[in-house]
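What follows is each chain in one-letter form.
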Amino acid sequence: MTLDTVSILDGSTFVVSDRRGDLDASPVDNHGLFLEDTRFLSKWILTVSGIRPKTLSVDDQAYYKVQFFEAVTTGTVYVDSHLSVLRRRCITTGFEETIEIENHGSEPVDVEVKLDVAADFADLFEVKDKLAKVGELYRRVVDGALTLGYKRDTFVRETIVKADKKGEIREDGFTFRPKIPAQSSWAVTLDVAARGRRADIEDVERPRPPARVLEASLGRGLTEWVAGAPRLVATWEPMHRIYRRSLVDLAALRFEIGVSPGSLPAAGLPWFMAAFGRDSLLTSFQSLAFVPDMAAATLRGLGALQARTDDPFRDSEPGKILHEIRFGEMTAFEDRPQSPYYGSADSTMLFLILLEEYDRWTGDRSVARELEREARAALNWIDNYGDRDKDGYVEYERRVAKTGLENQCWKDSWDSIAFADGTLAPTPRATCELQGYVYDAKHRAARLAREVWNDPKLADQLDREAEELKQRFNRDFWIEDRGFFALALDGQKRKVDSLTSNIGHLLWSGIAENDKADLCVKHLMSDELFSGWGIRTMASSEGSYNPIGYHVGTVWPHDSSFVAWGLRRYGYRAEAARICRAILEAADLFDGRLPEAFGGYPRSKTGYPVEYPTACSPQAWATGAPLLALRTLLGLDSDGKHLIVDPAIPQPLGRIELLNVPGCWGRMDAFGRAIGASED
Amino acid sequence: MANESGEQVEGERRWPGKTAPGLAGLYGRLRIAVAGQPVATLVVEGMYVALVPDTSGPADATIMCADEEAMRKLLRGELNPFIASMRRWARLAGNRGFGTRVILGLQVESPFADEANKEHLI
């Protein structure tokens, strides 16, 4: 599948261009150089002697660099040109681009190389929602550099563009007029520096290295990252490409938030290149068996930013783990609450779940010790704030209607929580998976209290509370006549009776009683929920179902991966394997990179999963889905001392070897192969 | 010096401190500068914090306030460090993790909430 944009990125800096390499932002083309949720360059258009070169190929070398091979042609059927153009671009704190023009002819040639440059300094929210600017844009040419700037009160952002060749510099770009000898070439390198909120401090603390040094460093970092992960050997050949793609995309999405050591995963390109509590936690969980350090960084980073205060604008309450943090203009001027925003009802439980999983997998007690205070604050939030009306369940309702999120569970689009007839459920909403997460978080925290924090009294209390919740939940959420758990209890404590993938998360958390789990599994594997490519977010039998509805019918690979992990927990090995196989086969058809979501059309109708129009790609938890699927297929777990391997692999996937799996055991190998047809 | 994991470092001079529950577990020194000039140091020792005029010696982080108003907001616990950084009212250099935790920690019952209203804090 060929996309019409090309992206390179590092951390929160990314460039989205067309396949020529040009940036030409418009309401429909979200091109640009972005840093800290701001577009620092909206136009970057190359012409050679008045012609925009035609792309011959794009060499997407690494996530941080790209080459565009082009020809200067008049656009007739055959490319008949003596001038070729090579654009090499590498990400920096902006980017560096070398434009090389080669004259293949036998005569010298005079060319005019022109770059049109502009910056609109749009906040990412403005780009997405097409809003107008409030402050003042300015441009100036000083000392051979073009500065594009934006000022609103004390909010100042600038882009500085310099060239290494003399030419004409205007406020709207650069022009060079080289004479290129026959069979020779000419090149110019342009340095684009995006100067964000901390540029002057970083000039002193962390001076920007030259692009070639940075490029080499990024290359080394990527090599080390991939080498540090387990090595995969699989008889199903596409698995290698999918696995490597996942590791490389995770590397690309890593980013430092500056308040704690290490890098945590940003949520996704282009809209979500920021720390998102839920996304970073779930992705770190999915990838724990492969790159455990990422989980430690996620826990430390989110722990540092845990809410201290009660702030309705930010949906913040003491102990809550953040939903999202942004640094653009609308956040700076508090038009938006992401500084940080805490409107996530599940991140706090997921924080505790990952903390325990990391501790048990790695045997590294330091993180659980270091974050004991934060973990206790998180537990306090669950009971004293999460359960808003003291009915024994965590529920959510935004406190500022204009800026808060209506849905604060992972299905956070406005229409995701609906009854079977399509009617929206009134708030506050207590979605079922939130209760599962509470159950799991309390049991896991109990183990930490017992084994790490030396607090057996708390451990006993948490275990008891978890079991009481389980009993209550299986009574209050079960829909007897349909045989599955309600999606939620609404504001009037009515059961929201849609059949959704959320019931799979109840298996992951372990809150479902065994007899009820059996019935849920039948639903999960039915034609209504299992599309053949994964589990639909909403069953095709429901009133709101739409195969291309964001959370009401599409398949989300991460969702399916957690459902599969849950099926394993309850002993449904073949069913789990079937879902994992489906996700991996879908990944193969997406060139190894699963998107955030794809259409819920049945596999019997399509030989390939149907793309969802605005899905992020790469997206962190979609990138993590094949990793969790691999862990599920091999049945990898830790008892705190040993690596447990209990494979259940479907026939077509043959044999899977995962070598050098890191954990509390040091490094161990895991093997699995399909036996008979039972797992197929 | 600072230790975000909660270990107190030996040899640190102990200033007469005020109780600051939001700073529990934090140890270190946050230098405060206003308009480019160092003016004070916030000495943090777990639940205790002292604002001292001493600006000599090492600090774990420096909060560079654009003006006194920003500094007062910081001490009163009214400063959102992220908004402040985006608007360039106050920005951190050095150990940003420590500095951010101190600023966020002061949002919980800051001991300077009343005193900081006075014209001259230091």
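Bear in mind the structure is a predicted one, so any value in this text is a computation, not a measurement.

Calculation rules
- Residues numbered from 1 in each chain as written.
- Chains lettered and ligands numbered in written order.
- Predicted model: local features only at pLDDT ≥ 70, side-chain atom pairs only at ≥ 80, totals over all residues.
- Heavy atoms only, no water.
- Helix = DSSP H or I, 4+ residues; strand = E, 2+ residues; numbered from the N terminus.
- Buried < 20%, exposed > 50% of the residue type's maximum accessible area, 1.4 Å probe, protein only.
- Contact = heavy atoms within 4.5 Å.
- Areas by Shrake-Rupley, 256 points an atom, 1.4 Å probe, with all protein chains shown as cover.
- 1 Å grid on protein atoms, 1.4 Å probe; cavity = no way out; pocket = protein on both sides within 12 Å on 5 of 7 lines; lining within 4 Å.
- Points joined across faces, edges and corners; volume = space filled by probe spheres on them.
- Nonpolar A, V, L, I, M, F, W, Y, C, P; charged D, E, K, R; others polar.
- Pairing = 2+ DSSP bridges.
- Axes fitted to C-alpha atoms, helices over the stretch in contact; angles between N-to-C directions.
- Expected span 1.5 Å × (residues − 1).
- pLDDT = per-residue confidence, 0-100.
- Buried area = accessible area lost by both parts, 1.4 Å probe.
- Salt bridge = Lys/Arg side-chain N within 4 Å of Asp/Glu carboxyl O.
- Domains from an automatic or database assignment.
- Core = buried A, V, L, I, M, F, W, Y, C linked by side-chain atoms within 4.5 Å.
- Phe/Tyr/Trp six-rings, centres within 6.5 Å; stacked < 30°, edge-to-face > 60°.
- Lys NZ or Arg CZ within 6 Å of the ring centre and 35° of its normal.

Draft legend 1. Here's a closer look at the overall build of chain B. On a plain count of helices and strands, chain B comes out with 3 helices and 6 strands. The 122 residues of chain B split such that 53% are buried. Counting only contacts in chain B whose residues sit at least 6 apart along the sequence, the fraction spanning at least 24 positions is 65%. Total accessible area computed for chain B in this model is approximately 5,200 Å², and 47% of it derives from carbon and sulfur atoms.

Draft legend 2. Structural context of empty space enclosed by the protein. All told, the structure shown has 6 cavities of 30 Å³ or more when counted by the stated rule. In this structure, the largest cavity spans a volume of roughly 150 Å³. Around the largest cavity, the lining is made up of 15 residues, and of these A:Arg197, B:Pro81, B:Ser85, B:Leu92 and B:Thr100 lie nearest the centre. Where the lining of the largest cavity is concerned, the elements lending two or more residues are helix H2 (81-87), strand E6 (90-94) and helix H3 (96-105) of chain B. Looking at the lining of the largest cavity residue by residue, the class counts come to 9 nonpolar, 2 polar and 4 charged. Lining the second largest cavity are 13 residues, with A:Glu317, A:Lys320, A:Arg388, A:Tyr396 and A:Gln408 sitting closest to its centre. Classifying every residue of the lining of the second largest cavity by side-chain character gives 4 nonpolar, 2 polar and 7 charged.

Draft legend 3. Molecular detail of the sheet that holds strand E5 (residues 38-41) of chain A. Residue and element names in this part refer to chain A. Here we have 4 strands laid out as an open sheet, ordered E1-E2-E4-E5, and antiparallel in their pairing. At either margin of the open sheet sits one strand with a lone partner, and together these are strand E1 (5-10) and E5. Mean inter-strand twist for the sheet, computed between neighbouring axes without regard to direction, equals 25°. For strand E2 (residues 13-18) and strand E4 (residues 32-35), the ladder comprises 3 bridges, and the chain directions are antiparallel. Opposite Val 15, over in E4, you have Leu 33 as the bridge partner.

Draft legend 4. Highlighting helix H11 (residues 432-451) of chain A. The end-to-end C-alpha distance of H11(A), which contains 20 residues, comes to 29 Å, matching closely the 28 Å that a straight helix rising 1.5 Å per residue would cover. The buried fraction of H11(A) amounts to 17 of the 20 residues, a majority that puts the element mostly inside the structure.

Draft legend 5. Seen up close, unusual backbone geometry. All names here are of chain A. With an omega of -10°, the peptide bond running from Ser 339 to Pro 340 counts as cis. Take Pro 340: it is sitting in the loop between helix H7 (329-332) and helix H8 (347-362). Residue Thr 427 is joined to Pro 428 through a cis peptide bond whose omega torsion reads -5°. Tracing the backbone through its elements, the reader meets Pro 428 in the loop between helix H10 (372-386) and strand E23 (430-431). Of note, Asp 153 is a non-glycine position whose phi angle comes to about 60°, a positive value. Tracing the backbone shows Asp 153 in the loop between strand E14 (145-152) and strand E15 (155-163). For Asp 153, a relative accessible area of 45% puts it in the partly exposed group. Here the phi dihedral of Lys 493 falls at roughly 65°; this positive angle occurs in a residue that is not glycine. Look at Lys 493 and you get partly exposed, because its relative accessible area is 38%.

Draft legend 6. Here's a closer look at the confidence of the model for chain B. Residues and elements named next belong to chain B. Looking at chain B, pLDDT values average 84 and 80% of them are 70 or higher. This model gives residues 3-14 a pLDDT under 50, and the stretch forms 26 contacts once residues within four places in sequence are excluded. The ipTM value of the predicted complex is 0.90, and its pTM value is 0.94.

Draft legend 7. Main features of the pairing of strand E31 (residues 666-673) of chain A. All names here are of chain A. Of the pairings in the sheet, the one linking strand E30 (residues 655-663) to E31 comprises 7 bridges and is antiparallel in character. Following the sheet pairing, Arg 655 is matched in E31 by Arg 673. If you look at the hairpin formed by E30 and E31, you'll find 2 residues sitting between the two strands.

Draft legend 8. Spotlight on the interface of chain A and chain B. At the junction of the two partners, chain A supplies 34 residues and chain B supplies 25 residues. For the pair chain A and chain B, the two sides together bury roughly 2,500 Å², of which 49% comes from carbon and sulfur. The interface formed by chain A and chain B contains 3 salt bridges. Here A:Glu374 makes a salt bridge to B:Arg101, at a shortest N to O gap of 3.6 Å.

Draft legend 9. The arrangement of the domain arrangement of chain A in detail. All names here are of chain A. Domain boundaries assigned for chain A yield domain 1 (5-217) and domain 2 (229-673). For domain 1 and domain 2, the distance between their C-alpha centres works out to 38 Å. Contacts between domain 1 and domain 2 engage 29 residues on the former and 25 residues on the latter. Both faces considered, domain 1 and domain 2 share a buried interface measuring about 2,300 Å² in area, 63% of it formed by carbon and sulfur atoms. Looking at the side of domain 1 facing domain 2, the largest losses of area belong to Asp 37, Tyr 63 and Phe 125, adding up to 26% of the total buried there.

Draft legend 10. Region of the structure containing the pattern of salt bridges. Residue and element names in this part refer to chain A. Following the criterion strictly, the structure yields 81 salt bridges over all chains and no others. In this structure, Glu 356 engages Arg 444 in a salt bridge whose closest nitrogen and oxygen atoms are separated by 2.8 Å. Linking Glu 356 in helix H8 with Arg 444 in helix H11, this pair joins segments that are 88 residues apart in sequence. Of the two residues, Glu 356 and Arg 444, both sit in the buried class. Among the salt bridges present, the one from Glu 356 reaches Arg 447, with a minimum N-O distance of 2.5 Å. In this pair, Glu 356 sits in helix H8 while Arg 447 sits in helix H11, placing the two residues 91 residues apart along the sequence. In this structure Arg 447 comes out as buried when scored by relative accessible area, which is 14%. Each of Glu 356, Glu 357, Asp 359, Arg 360, Arg 365, Asp 440, Arg 444, Arg 447, Glu 451, Arg 631 and Asp 637 takes part in salt bridges that share partners, so that together they form one network.

Draft legend 11. Structural detail: the environment of A:Tyr342. All names here are of chain A. One can find Tyr 342 in the loop between H7 and H8. Along the sequence, Tyr 342 and Tyr 243 sit 99 residues apart, while their C-alpha atoms lie 33 Å from each other. Those residues in contact with Tyr 342, other than ones at most four positions away along the chain, are Leu 305, Gln 306, Ala 307, Arg 314, Asp 315, Ser 316, Lys 320, Ile 321, Leu 322 and His 323.

Draft legend 12. Inspection of the nonpolar core at higher detail. Among the nonpolar cores identified, the biggest contains 221 residues, and A:Trp44 and A:Leu567 are the most heavily contacted of them. Counting contributing residues per domain, this core is built from domain 1 (5-217) and domain 2 (229-673) of chain A, each supplying no fewer than three. In this structure, B:Ile32, B:Leu42, B:Leu79 and B:Leu92 belong to the second largest nonpolar core, which totals 25 residues.

Draft legend 13. Fine view of the sheet that holds E23(A). All names here are of chain A. Taking strand neighbours across the sheet as the criterion, the 3 strands line up as E23-E26-E27 in an open arrangement whose pairing is antiparallel. Across the chains shown, the open sheet's two edge strands, defined by having one partner strand only, are E23 and strand E27 (495-496). With 2 bridges connecting them, strand E26 (residues 488-489) and E27 associate as antiparallel partners. The residue of E27 that forms the bridge with Leu 489 is Lys 495.

Draft legend 14. Highlighting the packing of aromatic side chains. Residue and element names in this part refer to chain A. Evaluation of the coordinates by the stated rule reveals 27 aromatic pairs over all chains. On the numbers, 5.1 Å between centres and 85° between planes, the contact of Tyr 63 with Tyr 64 is edge-to-face. Here Tyr 63 matches Tyr 64 in class, with each residue buried. Measuring from centroid to centroid gives 6.2 Å for Phe 174 and Phe 176, while their planes differ by 10°, and the two rings are stacked. Summarising the burial analysis for this pair, Phe 174 and Phe 176 share the class buried. Through a chain of ring-to-ring contacts, three or more aromatic side chains come together here, namely Phe 40, Phe 121, Tyr 150, Phe 155 and Phe 333. One cation-aromatic arrangement involves Lys 133 over Tyr 150; the distance from NZ or CZ to the ring centre is 4.2 Å. We note Arg 336 situated over the ring of Phe 125; from NZ or CZ to the ring centre the distance is 4.4 Å.

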